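# Secondary and tertiary structure notes
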Amino acid sequence: MTSFAINQGYQQQLFSQPMAAAPIVENEISADVIEQLNDLIMAQYEMSLFERRIFIAIIEQISNNLLEVGGMKVVPEIILDARQIIAASGLKGESAFVELQKATINLIKHVCRITETDGFLQVSLLSSAKYMKGKGQIKLRIDANLHQYLLKLKNQFSIYSLEKLILFKSYYSQCLYELFRKLPKQNGTIMISIEQLRKILRIGESEYERYFDFKRYIIQQAQKELAIHDTSFDFKEKKQGKKVIALQFIFK
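Here goes a summary of the coordinates provided. (Residues numbered from 1 in each chain as written. Predicted model: local features only at pLDDT ≥ 70, side-chain atom pairs only at ≥ 80, totals over all residues. Heavy atoms only, no water.)

### So, the overall build of the chain
Quick note on the threshold: Starting at the N terminus, helices and strands are each numbered in turn, a helix being any DSSP run of H or I of at least four residues and a strand any DSSP run of E of at least two. Working definition: with a 1.4 Å probe on protein chains only, accessible area under 20% of the residue-type maximum means buried, over 50% means exposed, and in between means partly exposed. The contact criterion used throughout is that any non-hydrogen atoms of two residues lie within 4.5 Å. Accessible surface area values rest on a Shrake-Rupley calculation with a 1.4 Å probe, where residue burial reflects the displayed protein chains alone.
Per the secondary structure count, the chain includes ten helices and ten strands. Burial statistics for the chain: of 252 residues in total, 45% are counted as buried. At a minimum sequence separation of 6, the contacts of the chain that also span at least 24 residues come to 65%. Accessible surface for the chain amounts to roughly 13600 Å². Of this, 48% is attributable to carbon and sulfur atoms.

### Regarding the nonpolar core
Our working rule: To form a nonpolar core, buried Ala, Val, Leu, Ile, Met, Phe, Trp, Tyr and Cys residues must be joined to one another through side-chain atoms within 4.5 Å.
Ranked by size, the top nonpolar core spans 31 residues in total, and within it Ile 54, Ile 58, Leu 100, Leu 140, Ile 142, Leu 146 and Leu 150 carry the most contacts. Those elements that provide at least two residues to this core are helix H3 (49–61), strand S3 (78–81), helix H4 (82–89), helix H5 (94–109), strand S4 (111–116), strand S5 (119–124), strand S7 (137–141) and helix H6 (147–156). At six residues, the largest contribution of residues to this core is made by H3. Grouped together as the second largest cluster of nonpolar side chains are 27 residues, Cys 175, Ile 218, Phe 233 and Phe 235 included.

### Quick notes on the sheet that holds S7
Going by this rule: Pairing between strands is defined by DSSP: at least two bridges between the two strands are required. Throughout, an axis means a line fitted to C-alpha atoms (over the contacting stretch in the case of helices), and angles, computed between N-to-C directions, take values from 0 to 180 degrees.
If you walk across this open sheet you meet the three strands as S3-S7-S6, and the pairing is antiparallel. The two strands at the open ends of the sheet, each matched to only one other strand, are S3 and strand S6 (128–132). Along the sheet, successive strands turn relative to each other by an average axial angle of 25°, direction set aside. In this structure, S3 lies alongside S7, joined through four bridges in antiparallel fashion. When the bridges of S7 are listed, Leu 80 appears paired with Ile 138. H3 rests against S3 and S7 of the sheet, and its axis sits at about 130° to S3. Seen against the sheet, H5 touches S6 and S7 and runs at an angle of roughly 160° to S6.

### Quick notes on unusual backbone geometry
In this structure, Asn 187 takes a positive phi of about 55° despite not being glycine. With respect to the element layout, Asn 187 can be found in the loop between helix H8 (171–182) and strand S8 (189–193). Asn 187 gets classed as exposed once you look at its relative accessible area, which sits at 81%. The phi angle at Tyr 208 is positive, at roughly 45°, despite the residue not being glycine. Note on placement: Tyr 208 falls in the loop between helix H9 (194–200) and helix H10 (211–225). A relative accessible area of 28% means that Tyr 208 is categorised as partly exposed.

### Re the environment of Glu 237
As a reminder of what qualifies: Between N or O atoms, a polar contact is any pair within 3.5 Å; within protein, one atom must be a potential hydrogen donor and the other a potential acceptor, and residues adjacent in sequence are included only when both atoms are from side chains.
Mapped onto the fold, Glu 237 is located in strand S9 (residues 233–240). For Glu 237, a relative accessible area of 32% puts it in the partly exposed group. Sequence spacing of Glu 237 and Phe 249 is twelve residues, and the spatial spacing of their C-alpha atoms is 9.0 Å. With sequence-adjacent residues up to four places away left out, Glu 237 is seen in contact with Tyr 211, Lys 215, Val 244, Ala 246 and Leu 247. Looking at Glu 237, its side chain comes within polar contact range of the side chain of Tyr 211, at 2.6 Å.

### What to know about the sheet that holds strand S10 (residues 243–251)
Taken together, three strands build an open sheet; the order of strands is S8-S10-S9 and the sheet is antiparallel. The open sheet terminates on both sides in strands that have one partner only, identified here as S8 and S9. Adjacent strand axes in the sheet meet at a mean angle of 25°, parallel and antiparallel pairs treated alike. Where S9 meets S10, eight bridges bridge the pair, whose relative direction is antiparallel. Bridging across to S10, Phe 233 finds its partner in Phe 251. Its contacts with the sheet place H10 against S9 and S10, and it is angled at close to 160° to S9.

### Considering the packing of aromatic side chains
The geometry of an aromatic ring pair is captured by the separation of the ring centres together with the interplanar angle, meaning the angle of the planes. Applicable threshold: Any Phe, Tyr or Trp ring, taking Trp's six-membered ring, that has another such ring centre within 6.5 Å forms a pair; planes under 30 degrees apart are called stacked, those over 60 apart edge-to-face, and the others tilted. Two conditions define a charge sitting above a ring: the NZ of Lys or the CZ of Arg must be within 6 Å of the ring centre, and it must be within 35 degrees of the ring normal.
Per the stated rule, a full pass over the model turns up eight aromatic pairs. With a centroid separation of 6.3 Å and 40° between ring planes, the pair formed by Tyr 208 and Tyr 217 is classed as tilted. Given the relative accessible area of 40%, Tyr 217 is considered partly exposed. Aromatic pair Phe 233 and Phe 249: ring centres 5.4 Å apart, planes at 80°, arrangement edge-to-face. With Phe 233 in strand S9 and Phe 249 in strand S10, this pair connects stretches of sequence that are 16 residues apart. When sorted by exposure, Phe 233 lands in the same class as Phe 249, which is buried. Ring pairing ties together the aromatic residues Phe 180, Phe 233, Phe 235, Phe 249 and Phe 251, which thus form one cluster. The ring of Phe 251 has Lys 185 sitting right over it, with the charged end atom 5.0 Å from the ring centre.

Here it is in structure tokens:
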């Protein structure tokens, strides 16, 4: 089962965990600020290029209001131009349509797990996709239970911002891009402990255990990808003995 990172209860618990065990770092961001980032990026799982383009097109077209059909609340049908999505991907021919169909299948398989005040919701990101013969269109259906969360995402991020996320090769670069845009900066810098970064990025204890790997595949990769954006940065390591305990991000 694939998670959809709007599991608000889990994130609030995650981001509000006490940092007593971590070394104190001067000017480090507070746990309260971290908690406010619990809806940082609502689609925190890896998507293919086609999946991301479809997802952003859904966000762009999602209606503010639900319709009532037969006494039930439903999300208005979303119609996408398949040819436009394919053209933006750079692919051509029959293989492009095959990849597009794979993308919608994967989006239907993606299960969103959302902790709500009155229970725990499991719902597919996409309910159905119908390819209209000879029209070059795809009719998409979204579950009404997901509507408020997709609408929140639309209101939180501009389509321009979401389009930027498509260009990032690394999921962690996506997260850091939005993190750096939201966090308050002191004299153009942000200090974050390694422990906090791992929690924000949801990196498991067995993943990137060595700081060398964490630095190379997450921080330096993000530095490379963000170099052309408004969040380009350098960074300095803060050590306790020989161990790196925090990073100071310096924005250009």
